[in-house]
Amino acid sequence: MFQIEPERAHHLTIAMARFGFSIPLLSNVIQSSLNPGNLQATRIMGLDFPNKVGLAAGFDKDGKYMDIMARLGFGFIEIGTVTPRPQVGNPKPRLFRLKKDQALINRMGFNNDGVEALRSRLQAYGDRSFVLGGNIGKNKDTPNEEAFRDYVKCFEAIRDLVDYFVVNVSSPNTPGLRALQDKEPLSKILSELQTLNHKGETKPILLKIAPDVSPEQIEDISDLVSTCNIDGIVATNTTIDRSGLSSSQTDLDKIGNGGLSGAPLKSFSSNIMQQIRRNIGPDKTVIGVGGIMSGADAKARINDGANAVQIYTGLVYKGPGLVKEIVSALA
Ligand SMILES: Cc1cc2nc3c(=O)[nH]c(=O)nc-3n(C[C@H](O)[C@H](O)[C@H](O)COP(=O)(O)O)c2cc1C
């Protein structure tokens, strides 16, 4: 797979997994060797999680692969980021491997089918055994002053179909998006969502933050968790930092802009997460994501204050056996 262009390899891997699961005997073998079963079921935000290992946002942006990912043993799956209208994202190539660093750089740019298509797909999905998160964002051409309307549209469209929401203001690949992490625009988005949220069946709302936030932003974000009374934080998204990498500067220059994920993100994400946990206290939810490449990494993140963890790049480098490895380590 590592010989194939990364975005094609992503789709091909999923197609192969789908094929494997379509053959009953093979499906049983794959499932019994990979799926960890329901070890360490836990209750978070009032929801029953079969285990503490989740699929991070961006892997299944359109909710097309939930069945396969659930069969690999994920306790929760976060679909999206979805935007109100469909968009193609940035020109390809837009996903790159840094093999020496066990890392990826991506500048996908919220390519997705739009929230109405996602709604139809979720309506057609049968019973689920996993917790489903909906990660919501804004369209590229929506100005930041109007951004709250995009989050509200996405929230309303799939409110009855997901278990919790994640407000994504932290992707580095939508120009200006991270400015929404500042106090004023963030407060506007979260309070609009909460007003709506309290008018019907309430859904837990988390905020996903970047690892590249300033100490002031961490303070402001932590304050908003309590003033807007949201449920907690997903820490973190990818980083724009390139320090300490083994890959050559020439390779990095060739790749260009994008968010870095995987092993080099581990300490950034963990530091930010620990600061957030200290600030928001033990009762709020914190989901740890970024550079979790082994059972030991996941255990450390839980010990540092995460209620649950998510993986993306680890799945690419370590394969689907990582889910079982982590679930077993945490049990
Ligand atoms: C190709 C790719 C696409 C991503 N797309 C999204 C996205 O749409 N929304 C989001 O919140 N995070 C997205 N992420 C970030 C991941 O959810 C995760 O926060 C980040 O990769 C750090 O975790 P990791 O080191 O385990 O990969 C994406 C990551 C990658 C590698």
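A quick note: this is a predicted structure, and the numbers were derived from the prediction, not measured.

Trainee: Tell me what's going on with the environment of G133, and back it up with residues and numbers.
Mentor: Within the secondary structure layout, G133 lies in strand 7 (residues 131-136). When the 27 C-beta atoms within 10 Å are taken as the criterion, G133 is described as buried. Separated by 104 residues in the primary sequence, G133 and V29 place their C-alpha atoms 28 Å from one another. Leave out the neighbours within four places in its chain, and G133 touches F76, E78, V162, D163, Y164 and V166.

Trainee: Please set out the packing of helix 7 (residues 215-227) against helix 9 (residues 266-280) residue by residue, giving values where relevant.
Mentor: Between helix 7 and helix 9, the shortest axis-to-axis distance is 9 Å and the interhelical angle comes to 45°. As summarised for this structure, helix 7 and helix 9 are arranged oblique, according to the angle between their axes. In the crossing of helix 7 with helix 9, the sense of the turn from one axis to the other is right-handed. Residue-level inspection shows I218, S222 and V225 of helix 7 in contact with helix 9, the latter providing Q275, I276, N279 and I280.

Trainee: Requested: an account of the environment of V115, with residues and values cited.
Mentor: Its location among the elements puts V115 in helix 4 (residues 115-124). With 39 residues separating them in the primary sequence, V115 and C154 have C-alpha atoms 6.1 Å apart. When residues no more than four places from it in sequence are discounted, the contact partners of V115 are V82, T83, P84, K153, C154, A157 and I158.

Trainee: Now, about the sheet that holds strand 5 (residues 95-98): what can you tell me, with residues and values included?
Mentor: The three strands are arranged 5-6-11 in an open sheet whose pairing can be described as antiparallel. Every interior strand has two partners, whereas the edge strands, strand 5 and strand 11 (259-262), have only one. Neighbour-to-neighbour, the strand axes of the sheet open up by a mean angle of 25°, direction not taken into account. Two elements, strand 5 and strand 6 (residues 103-106), share four bridges in a ladder whose sense is antiparallel. Pairing of L98 across the sheet is with A103, part of strand 6.

How each quantity is defined
Residues numbered from 1 in each chain as written. Predicted model: local features only at pLDDT ≥ 70, side-chain atom pairs only at ≥ 80, totals over all residues. Helix = DSSP H or I, 4+ residues; strand = E, 2+ residues; numbered from the N terminus. Buried ≥ 20, exposed ≤ 12 C-beta atoms within 10 Å, placed from the backbone. Contact = placed C-beta atoms within 7 Å. Axes fitted to C-alpha atoms, helices over the stretch in contact; angles between N-to-C directions. Parallel < 35°, antiparallel > 145°, perpendicular 65-115°, else oblique. Left-handed = near helix turned anticlockwise from the far one by under 90°. Pairing = 2+ DSSP bridges.

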